[in-house]
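# Examining the three-dimensional arrangement
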Amino acid sequence: EQSVRLSVEGMTCASCVSRVEKALKSVPGVDFAEVSLATETAEVKLLGRDFDSAALVAAIQKAGYTGKLIVDTAQPGNTQGSNAGNEWWPVAVAAALSIPLVIPMVGMLFGIEWMLPGWVQFALATPVQFWLGARFYRSGWKALKARAGNMDLLVALGTSAGYGLSVYQLLVHGDHGMAHLYFEASAVVITLVLLGKWLETRAKRQTTEAIRALNALRPETARVRRGGQDQEMPISQVLKDDLVVIRPGERVPVDGVVVEGASQIDESLITGESLPVAKHEGDKVTGGSVNAEGLLLVKTTAIGAESTLARIVRLVESAQAKKAPIQRLVDR
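Residues numbered from 1 in each chain as written. Predicted model: local features only at pLDDT ≥ 70, side-chain atom pairs only at ≥ 80, totals over all residues. Heavy atoms only, no water.

## So, the overall build of the chain
- The secondary structure content of the chain amounts to eleven helices and 13 strands.
- The burial tally for the chain puts 40% of its 332 residues in the buried class.
- Element-wise, carbon and sulfur atoms account for 59% of the exposed surface of the chain, whose accessible area totals about 17,700 Å². (Helix = DSSP H or I, 4+ residues; strand = E, 2+ residues; numbered from the N terminus. Buried < 20%, exposed > 50% of the residue type's maximum accessible area, 1.4 Å probe, protein only. Areas by Shrake-Rupley, 256 points an atom, 1.4 Å probe, with all protein chains shown as cover.)

Put into structure tokens, the structure is as follows:
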């Protein structure tokens, strides 16, 4: 049995999570599939080793989403661009256009009978409905093409009904007294859902901060001694049993064993202990820790996904993706 991880883009609610999981489980050879909305990743366990990952990506795309295999399991699935799409200005603009529509409704609670002219309400509600709310139509259309439903489709249908009825009333009865208009309902619903989406995206970003912080501890390059020459190279090119030179003040790039030199190493990322630990020949060092004072020559024992830091990242991601039984019930 083997496991693969995929990034999944385009999910908006628990219904999307359920649909992606169902699509992945329908692929022959898949034993188990679990999707996380927070990290936008899917973890799939396969029965055999000879398996074409393209079938998983195709199943995700058929369900109406975008899937991509995560090749480097030491990296998080979709945390680098988590700031994207989290602009606050659509919420602010939607609120600014909706508040004038809501004020007369609040006034009615205090016996104040006053309404904005129908065409002014139309002018305020239309940008909210079709410009700021365009994302709901796009997502709802994708769901329809996949013969499924999601929260965005419900928002698009509900607000379109209120907006459409208001336009009809305005055109038919607008010249014969004040028509019953519901522009404020559709505008406020879209504004509130946009606010919810913004808060949700902000929460997603916070859930991945721990993973980003852990990955930031891993150096991008290492100084490797080959043939008596020290050369700096990307960490991905370092091989097992390579000799890595670590100068004072540098972060240890790989897991390994000290073969030459002595120093003090700050291993607080593993132990939480602030005091540095003495290291001599034969002692193990962990990638991500900080070399304090001496020059060390370290023989590499683990790189990439096998390193301690990479395993910690996978454990954190796995903990975020796991669902309690009650969460599955809530999703349904």
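## So, the packing of helix α5 (residues 134-145) against helix α6 (residues 151-173)
- Interaxial distance between α5 and α6 falls to 7 Å at its minimum, and their mutual angle equals 120°. Our pair here, α5 against α6, has a crossing hand that is left-handed. In contact with F136, Y137, S139, G140 and L144 of α5, α6 contributes D152, L153, V155, A156 and S160.
- When grouped by side-chain class, the residues that make up the contact of α5 with α6 number six nonpolar, three polar and one charged. (Axes fitted to C-alpha atoms, helices over the stretch in contact; angles between N-to-C directions. Left-handed = near helix turned anticlockwise from the far one by under 90°. Contact = heavy atoms within 4.5 Å. Nonpolar A, V, L, I, M, F, W, Y, C, P; charged D, E, K, R; others polar.)

## Here's the deal with the packing of aromatic side chains
- The final tally for this structure, using the stated rule, is seven aromatic pairs.
- Judged by centre distance (5.8 Å) and plane angle (35°), the rings of W89 and W131 are tilted. In this pair, W89 is assigned in helix α3 (residues 89-109) and W131 in helix α4 (residues 118-132), connecting sequence segments 42 residues apart.
- Look at W89 and you get partly exposed, because its relative accessible area is 39%. (Phe/Tyr/Trp six-rings, centres within 6.5 Å; stacked < 30°, edge-to-face > 60°.)

## Quick look at the environment of K22
- Along the chain, K22 turns up in helix α1 (residues 14-25).
- Judged by relative accessible area, which is 60%, K22 ranks as exposed.
- Taking the C-alpha atoms as reference points, K22 and E34, separated by twelve residues in sequence, lie 9.5 Å from one another.

## Some remarks on the sheet that holds strand β8 (residues 255-260)
- Taken together, six strands build an open sheet; the order of strands is β6-β5-β7-β13-β8-β11 and the sheet is antiparallel. Two strands lie at the open edges of the sheet, namely β6 (229-234) and β11 (284-285), each paired on one side alone.
- Summarising the sheet, β8 and β11 pair through two bridges and their orientation is antiparallel. Directly across from V257, in β11, lies its bridge partner K284. (Pairing = 2+ DSSP bridges.)

## Section: the sheet that holds strand β9 (residues 263-266)
- Within the open sheet, the three strands sit side by side as β10-β9-β12. Their pairing is antiparallel. The open sheet is flanked by β10 (277-279) and β12 (290-291), the only strands paired with a single partner.
- Where β9 meets β10, three bridges bridge the pair, whose relative direction is antiparallel. Each residue of the ladder has a partner; that of Q264, found in β10, is A278.

## Describing the packing of α4 against α5
- At a minimum axis distance of 4 Å, the contact between α4 and α5 shows a crossing angle of 40°. Compared by their axis directions, α4 and α5 come out oblique. Residues Q129, F130, W131 and L132 of α4 touch α5, and the partners they reach there are A134, R135 and Y137.
- For the contact of α4 with α5, the residue count by class is five nonpolar, one polar and one charged. (Parallel < 35°, antiparallel > 145°, perpendicular 65-115°, else oblique.)

## So, the confidence of the model for the chain
- Across the chain, pLDDT averages 84, with 90% of residues at or above 70.
- Residue range residues 73-84 is modelled with pLDDT below 50. Its contacts to residues more than four positions away, or to other chains, number 33 contacts. (pLDDT = per-residue confidence, 0-100.)

## Here's the deal with the side chain of N291
- Mapping N291 onto the fold places it in strand β12.
- Once residues within four sequence positions are removed from consideration, N291 is found in contact with I246, R247, P248, G249, E250, S263, Q264, I265 and L296.

## Brief notes about a positive patch on the surface
- Judged by side-chain charge, R135, R138, K142 and K145 come together as a positively charged surface patch.
- When you line up the elements, K142 lands in helix α5.
- The exposure class assigned to K142 is partly exposed, which follows from its relative accessible area of 48%. (Patch = residues over 30% accessible without salt bridge, like charges linked within 9 Å, V, L, I, M, F, W, Y side chains within 5 Å. Salt bridge = Lys/Arg side-chain N within 4 Å of Asp/Glu carboxyl O. Lys, Arg positive; Asp, Glu negative; His and termini not counted. Charge placed at Lys NZ, Arg CZ, Asp CG, Glu CD.)

## Focus: the pattern of salt bridges
- A complete count under the given rule lists six salt bridges for this structure.
- When the shortest N-O distance is used, the salt bridge between R226 and D242 registers 2.5 Å. Note that R226 is positioned in strand β5 (residues 221-226) and D242 in the loop between β6 and β7 (243-246), a separation of 16 residues in sequence.
- Measuring nitrogen to oxygen at the nearest pair gives 3.1 Å for the salt bridge that ties E267 to K279. With E267 in the loop between β9 and α9 (268-271) and K279 in strand β10, this pair connects stretches of sequence that are twelve residues apart. The residues E267 and K279 share a single accessibility class, namely buried.
- Linked through salt bridges whose partners overlap, the residues forming this network are R223, E232 and E250.

## What to know about a nonpolar patch on the surface
- On the surface, a nonpolar cluster with roughly 790 Å² of combined accessible area is contributed by I99, I103, V106, L109, F110, I112 and W114.
- Along the chain, the position of W114 falls in the loop between α3 and α4.

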